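Topology and contacts: notes
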Amino acid sequence: MAETIHIYHTNDLHSHFGNWPSIHAFLAERKQWHEEMGDFCLILDIGDHVDRSHPFTEGTAGKGNVKLLNEAGYDAVTIGNNEGITLSKEELDELYRDADFDIILSNLIAENGERPDWAKPYKIIRTPEGKRIGLVGATAEFTPFYERLGWKVTAARDSILQAVEEVKAETDFIVCLSHLGIREDELLAESCPEIDLILGAHTHHIFHEGKEIGNVLLGAAGKFGAYLGHVIIEEDLKKKKAYLIETEKLENPDENYDQKLREHGKELMRDAVFYNDAALKAEWFKESEMAQLFGKAMIEFSGADCALFNAGLFMQDMPLGEITRYDFHQMLPHPINPCMIELSGAELKEIYLQSMNAEWPQLELKGLGFRGAVFGKMIRTGMDLDNHQLYINGHIADSDQIFKLITLDMFTFGYFFPEFKRSAKTYFMPEFIRDVFSGYFSRNMVQ
């Protein structure tokens, strides 16, 4: 009988490790079973396995995630934006040093034009019966973020087309690892019929039985490890089908696995930042001392005139006594960077008015780097509106004067404040907002 090829894939785990023991055990069992049957098995991850909101990932700078992928027998991965832009350049360069798998990534290069030594634009794998499987891959183009970190990210679709052009004569079947999102995958399928299978990610979409565009099959497994994707290729590569496996229905050999990893991360981040002589309460729907201090920290860090952020950022109170790096991580687990935006007084007044949206505080925000529960009250530091007049630090703001506003990178994607997409802005990287806050306390409140 002709060899059957089995491809298992995960994507956008975002360090949700609750189902990881189930995934690991299932993959080990299936790989052994397929090989005993004389079939071929590939295991792939399509990016965002790492998420620094989890203390294990934070404490290990993502290397713990790589260890888990090694142990589960993964053959190749591509990176997502959480690997690419929430780690410093040095941390990303070190992330995969101990990887037992290949990193397929065609559209990331260093500022000097060289491809990082841990990444390959493509790879060709031969099955025992001699079938040649080409792997190509790319990640989403968060261009200004990569540039601030010292990387260049090139046009993803173009880089994939180039990789396909280079491998198509030497392969029998091409698989694309795409951390680009559903729309880009659909466009890629239309523009590059030489690809046989696109495994997607980034937009957390789900294809329960795949999706066909021409002769290209698309597969996607949602997010957080809720599903494991399986693609079966039969009849001498002429027949292919995709389906999803619901991981909660698999046997879980360790129900306490996630908690163990959290405890390990806590231990790795036990180093003290400062001693707090007054507890601070996290308030989501009103002003608080914690919010006031956070606004001051953001302004001091950036040199801005004023600050704007949402109170839903604060996930835990700040206790009395020794405050560790872990405590700051739990207070502000979000992989969010500060961003400085230059606005005229007139534009800033309009932003202030938009921020008064009565529906936002109760909004259950998901994504954009936010890892909290609800959006919370908008907090404004250094600016006030009185009798329709905007004041910056107690002085009337001239409509034509340019001011510097420090805010959150998640506000610059256009969802809340469309004006921010068009404004001049500077992203502070690799610092997260928790680094800004902890730095403020370590400088100003050392006992």
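Look a little higher up for the structure.
Residues numbered from 1 in each chain as written. Predicted model: local features only at pLDDT ≥ 70, side-chain atom pairs only at ≥ 80, totals over all residues. Heavy atoms only, no water.

What about the pairing of strand β16 (residues 306–310)?
Note the following rule: Under the scheme applied here, a residue whose accessible area is under 20% of the maximum for its type counts as buried, over 50% as exposed, and between as partly exposed, the area being computed with a 1.4 Å probe on protein chains only. Note on conventions: DSSP H or I runs of at least 4 residues are helices, E runs of at least 2 residues are strands, and numbering of each starts at the N terminus. For two strands to count as paired, DSSP must find a minimum of two bridges between them.
In terms of burial, β16 is a largely internal element, five of the five residues being buried. Alignment of β16 against strand β23 (residues 402–408), held across two bridges, turns out to be parallel. Residue pairing across strands places C306 opposite L405, the latter belonging to β23. With four bridges joining them, β16 and strand β19 (residues 378–381) adopt antiparallel strand pairing. Bridge pairing in β19 places A307 opposite T381.

Looking at the side chain of T86
Inclusion rule: In protein, a polar contact means a hydrogen-donor-capable atom and an acceptor-capable atom, both N or O and within 3.5 Å, with residues adjacent in sequence counting only if both atoms are side-chain atoms; elsewhere, any N or O pair within 3.5 Å suffices. By the convention used here, residues are in contact when the closest approach between their heavy atoms is within 4.5 Å.
Mapped onto the fold, T86 is located in the loop between α4 (81–85) and α5 (89–95). Look at T86 and you get buried, because its relative accessible area is 7%. Polar contacts involving the side chain of T86 include one to the main-chain carbonyl oxygen of N82, which spans 2.4 Å. Residues in contact with T86, not counting those within four places in the same chain, are R52, N81, P335 and F432.

Focus: the sheet that holds strand β20 (residues 383–386)
Strand-to-strand pairing in sheets goes through backbone hydrogen bonds, with the strands running parallel or antiparallel. Spatial ordering of the open sheet is given by β20-β21-β22, a layout of three strands whose pairing is antiparallel. Only two strands of the sheet have a single partner each, and these edge strands are β20 and β22 (395–396). Pairing geometry for β20 and strand β21 (residues 389–392), over four bridges, is antiparallel. Counted as the bridge partner of M383 is I392 from β21.

Concerning empty space enclosed by the protein
We apply this condition: Only protein atoms enter the calculation, which uses a 1 Å grid: trapped sets of points that fit a 1.4 Å probe without letting it out are cavities, open sets showing protein on both sides within 12 Å along at least five of seven lines are pockets, and any residue with an atom within 4 Å of a point is a lining residue. Grid points are joined across faces, edges and corners, and a volume is the space filled by probe spheres set on the points.
Evaluation of the coordinates by the stated rule reveals one cavity of 30 Å³ or more. Approximately 50 Å³ is the volume found for the largest cavity. Taken together, D45, H49, V50, N65, V66, L69, V77, T78, E83, L95 and Y96 form the lining of the largest cavity. The element contributing the most residues to the lining of the largest cavity is helix α3 (residues 63–71), with three residues.

What to know about the sheet that holds strand β14 (residues 239–246)
Basically, it comes down to this: Every angle, taken between N-to-C directions, lies between 0 and 180 degrees, and every axis is a line fitted to C-alpha atoms, over only the stretch in contact when it is a helix.
Taken together, the six strands give an open sheet; going across it, the order is β4-β3-β2-β1-β13-β14, and neighbouring strands pair in mixed fashion. Edge positions in the open sheet fall to β4 (102–103) and β14, since each of these has one partner strand only. Alignment of strand β13 (residues 227–234) against β14, held across eight bridges, turns out to be antiparallel. Each bridged residue has a counterpart across the sheet, and for H230 the counterpart in β14 is Y243. Seen against the sheet, helix α1 (residues 20–36) touches β1 (5–10), β2 (40–45), β13 and β14 and runs at an angle of roughly 170° to β1.

Some points on the nonpolar core
A general tendency of soluble globular proteins is for nonpolar side chains to be buried together. What counts, and what does not: For the purposes of this section, nonpolar cores are sets of buried Ala, Val, Leu, Ile, Met, Phe, Trp, Tyr and Cys residues that join through side-chain atoms within 4.5 Å.
W20, Y96, W118, M318 and F437 are the most contacted members of the largest nonpolar core, which totals 100 residues. A per-element tally of this core places helix α10 (residues 289–302) first, with seven residues. With near-sequence residues (within four places) excluded, W118 lies in contact with I79, L92, D93, Y96, I103, L105, L108 and W151.

What about the packing of aromatic side chains?
As a reminder, the rule being used: Note on aromatic pairs: the rings of Phe, Tyr and Trp (six-membered ring only in Trp) are paired at centre separations within 6.5 Å, and the planes decide the class, stacked below 30 degrees, edge-to-face beyond 60, tilted for the rest. Any Lys NZ or Arg CZ found within 6 Å of a ring centre and within 35 degrees of that ring's normal is scored as a charge over the ring.
Scanning the model with the defined rule gives 32 aromatic pairs in all. Geometrically, the ring pair formed by F142 and F145 is edge-to-face, given 6.1 Å between the ring centres and 65° between the ring planes. By relative accessible area, F145 is classed as buried at 3%. Residues F294 and F437 carry aromatic rings whose centres are separated by 5.3 Å and whose planes lie at 80° to one another, so their mutual orientation is edge-to-face. Placement of the pair is F294 in helix α10 and F437 in helix α14 (residues 433–444), with a sequence separation of 143 residues. Given the relative accessible area of 0%, F437 is considered buried. Every member of this aromatic cluster is reached through a ring pair, and the members are F274, F294, F309, F314, F328, F437, Y440 and F441. Cation over ring: K89 sits above W151, and NZ or CZ is 4.4 Å from the ring centre.

Considering the side chain of N82
Mapped onto the elements, N82 comes out in helix α4. Here N82 falls in the buried class, since its relative accessible area comes to 3%. With residues near it in sequence (within four places) discarded, N82 still touches H14, D48, V50, D51, L87, P335 and R371.

Re the packing of α10 against α14
For clarity, the threshold we go by: Orientation is classified from the angle alone, with under 35 degrees giving roughly parallel, over 145 giving roughly antiparallel, 65 to 115 giving roughly perpendicular, and any other angle giving oblique. Only Asp, Glu, Lys and Arg are considered charged, only Ala, Val, Leu, Ile, Met, Phe, Trp, Tyr, Cys and Pro nonpolar, and every remaining residue, Gly among them, polar.
The interhelical angle for the contact between α10 and α14, taken along N-to-C directions, is 90°, at an axis separation of 9 Å. Put simply, α10 runs roughly perpendicular to α14. Contact residues: α10 offers M290, L293, F294, K296, A297, M298, E300 and F301, while α14 offers I433, V436, F437, Y440, F441, R443 and N444. Class assignment of the residues belonging to the contact of α10 with α14 gives a composition of 11 nonpolar, one polar and three charged.

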